[in-house]
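Structural description and commentary
As a plain string of letters, each chain reads:
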Amino acid sequence: QVQLVESGGGLVQPGESLTLSCRASGVIFGLHNVGWYRQVPGQQRELVASVSAVHRTFYRDSVKGRFTISRDNAKSTLYLEMNSLKPEDTAAYYCNIEVIMSGRREEYWGQGTQVTISS
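Residues numbered from 1 in each chain as written. Predicted model: local features only at pLDDT ≥ 70, side-chain atom pairs only at ≥ 80, totals over all residues. Heavy atoms only, no water.

Right, let's get into the state of the cysteines. Applying the stated criterion across every chain, the model contains 1 disulfide. Linked covalently through their sulfurs, Cys22 and Cys95 form a disulfide whose S-S length is 2.0 Å. Looking down the S-S bond of the Cys22 and Cys95 bridge, the torsion is 55 degrees, so its handedness is right-handed. With Cys22 in strand S3 (residues 18–25) and Cys95 in strand S9 (residues 91–101), this pair connects stretches of sequence that are 73 residues apart. Taking the relative accessible area as the measure of exposure, Cys22 reaches 2% and is therefore buried. (Disulfide = S-S within 2.5 Å. Helix = DSSP H or I, 4+ residues; strand = E, 2+ residues; numbered from the N terminus. Buried < 20%, exposed > 50% of the residue type's maximum accessible area, 1.4 Å probe, protein only.)

In structure tokens form, the structure reads like this:
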């Protein structure tokens, strides 16, 4: 079965940095599109950044220039380097992998890791 485990969340002050990691198992990691999402209570989960199997990246406007998504296929690990953090970045962050099996698209999620930016 496909499993994703996030780590690296925590409490930091505005302007500080944090790097999240997501280790995948049960899947050939390098074949699939992966991404980071975040969710604030009461709101919909939103895409923060993604990187495709062919290494194309996407960032939502609010994190461009501050966040960097990367992947290490040999380690089956996805990273999100977050710099110049702002209070509005506070959310539960989830990694996601898109898997197409038997002609059908499926998504798998990690358990989430909380990131809180506060003074």
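With respect to the helices and strands, Glu6 occurs in strand S1 (residues 3–7). Buried and without a salt bridge, Glu6 has Arg45 as its closest oppositely charged side chain, separated by 7.2 Å. At 2.9 Å, the side chain of Glu6 and the backbone nitrogen of Gln111 are in polar contact. A distance of 2.8 Å separates a polar side-chain atom of Glu6 from the backbone nitrogen of Gly112. (Lys, Arg positive; Asp, Glu negative; His and termini not counted. Salt bridge = Lys/Arg side-chain N within 4 Å of Asp/Glu carboxyl O. Polar contact = N/O pair within 3.5 Å; in protein donor to acceptor, adjacent residues only side chain to side chain.)

Fair warning: the whole summary comes from geometry, so function is off the table for now.
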